[in-house]
Amino acid sequence: QRQAEAARAELAAAQRQRAELTTRSDTMRGEVAASERRRAELAGQVAAAEMRLTERRNELTELEARIQRARDVMQGSPVTVTAPAPDTPAPAPR
């Protein structure tokens, strides 16, 4: 009888421990899943930022090429700058 009670108590303790560990395991699985979702979200944001960066670099390359073409065209050409006379008032903004 005493051995049976001790065995039942051990079984109950083991079942409580199993339930506790199952709860902790479920909690950790949820945390891992949330972390994986966040990681995927951040990876998407990084990919979008890299795409924007590539677009900006392409725009910069195009602007630099346009500037170089303009310099090439202007090389050897006289440059004329027209400025209003000092006593002439600037036109009113429209």
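Draft legend 1. Up close: the overall build of the protein. A tally of helices and strands in the protein yields one helix and zero strands. Out of the 94 residues in the protein, the part that is buried amounts to 0%. Carbon and sulfur atoms make up 56% of the accessible area of the protein, which amounts to about 9100 Å² in all.

Draft legend 2. Examining the pattern of salt bridges more closely. With the rule as written, the count across this model stands at six salt bridges. Of the charged contacts in the structure, one is a salt bridge between E62 and R69, with a shortest N-O distance of 3.3 Å. Given the relative accessible area of 40%, E62 is considered partly exposed. With relative accessibility at 45%, the residue R69 sits in the partly exposed group.

Cut-off values and rules
- Along each chain, the written sequence defines residue order, and numbers are assigned to residues from 1.
- With pLDDT at 70 or above as the cut-off, local features in this predicted model cover only qualifying residues; side-chain atom pairs require 80 or more to be listed or tallied, and sums for whole chains, interfaces and linings still use all residues.
- Side-chain metrics in this entry use all non-hydrogen atoms of the structure; hydrogen atoms and water are not considered.
- A run of H or I in DSSP counts as a helix once it spans at least four residues, and a run of E counts as a strand once it spans at least two, with each numbered from the N terminus.
- Three exposure classes are used, based on accessible area relative to the maximum for each residue type with a 1.4 Å probe and protein chains only: buried under 20%, partly exposed in between, and exposed over 50%.
- All accessible areas in this document rest on Shrake-Rupley with a 1.4 Å probe, and a residue is counted as covered only by the protein chains that are shown.
- In what follows, salt bridge is the name for a side-chain nitrogen of Lys or Arg lying within 4 Å of a carboxyl oxygen of Asp or Glu.

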